[in-house]
Amino acid sequence: MVPTKQYYNAHFLVNCTVLSMFTSEVIPFHQLQSYKVQKSRDICISAVIFLTYSGEMICADPKQEWVRRYMITMKRRTEQILPKYPPHPSRQ
């Protein structure tokens, strides 16, 4: 399923710029497709931006325990799905 909002390879076209943009509730894990970690710079704050299967982008506080737990779970899920290829001979 391709989200209706612009989306490319887990790089979302959204920035969280103020703390009030953080969600105040825990998002059900089964609704989440992927995430992006946004570093603090210029006008942006540190945030985790979750992409839902419906194409919604949700800013979350990376200091929240549920956010860290979801990130770890999603990373493990991705590592189990994607095959591990040996390094290309030119990079050894």
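Residues numbered from 1 in each chain as written. Predicted model: local features only at pLDDT ≥ 70, side-chain atom pairs only at ≥ 80, totals over all residues. Heavy atoms only, no water.

You'll find the chain entered in an unreviewed UniProt entry as Chemokine interleukin-8-like domain-containing protein, with Salarias fasciatus given as the organism.

### A word on the overall build of the chain
Looking only at helices and strands, one finds one helix and five strands in the chain. In sequence order, the chain lays out its α and β elements as β-β-β-β-β-α. Residue burial in the chain is summarised as follows: out of 92 residues, 30% are buried. Long-range contacts, defined as pairs at least 24 residues apart, comprise 52% of the intrachain contacts of the chain with a sequence gap of at least 6. Within the structure as shown, the chain displays about 7,000 Å² of accessible surface, and the carbon and sulfur contribution to it stands at 55%. (Helix = DSSP H or I, 4+ residues; strand = E, 2+ residues; numbered from the N terminus. Buried < 20%, exposed > 50% of the residue type's maximum accessible area, 1.4 Å probe, protein only. Contact = heavy atoms within 4.5 Å. Areas by Shrake-Rupley, 256 points an atom, 1.4 Å probe, with all protein chains shown as cover.)

### Concerning the packing of aromatic side chains
For the structure shown, the criterion picks out five aromatic pairs. Seen from their ring centres, Phe50 and Tyr70 are 6.3 Å apart, and the 70° between their planes marks the pair as edge-to-face. With Phe50 in strand 4 (residues 47-52) and Tyr70 in helix 1 (residues 65-81), the pair connects residues that are 20 residues apart, well separated along the chain. A single burial state applies to Phe50 and to Tyr70, both of which are buried. Ring geometry for Trp66 versus Tyr70: centroids 5.2 Å apart, planes at 75°, classification edge-to-face. Of this pair, Trp66 and Tyr70 both sit in helix 1, separated by four residues, roughly a single helical turn. One aromatic cluster is present, formed by Phe29, Tyr35, Phe50, Trp66 and Tyr70 through successive ring pairs. (Phe/Tyr/Trp six-rings, centres within 6.5 Å; stacked < 30°, edge-to-face > 60°.)

### Some details on the sheet that holds strand 5 (residues 57-60)
Pairing in this open sheet of three strands is antiparallel, and the strands run 3-4-5 from one edge to the other. Single-partner strands in this sheet number two, and they are strand 3 (32-38) and strand 5. Averaged over all neighbouring strand pairs, the angle between strand axes comes to 25°, with direction disregarded. Looking at chain direction, strand 4 and strand 5 are connected through four bridges and run antiparallel. (Pairing = 2+ DSSP bridges. Axes fitted to C-alpha atoms, helices over the stretch in contact; angles between N-to-C directions.)

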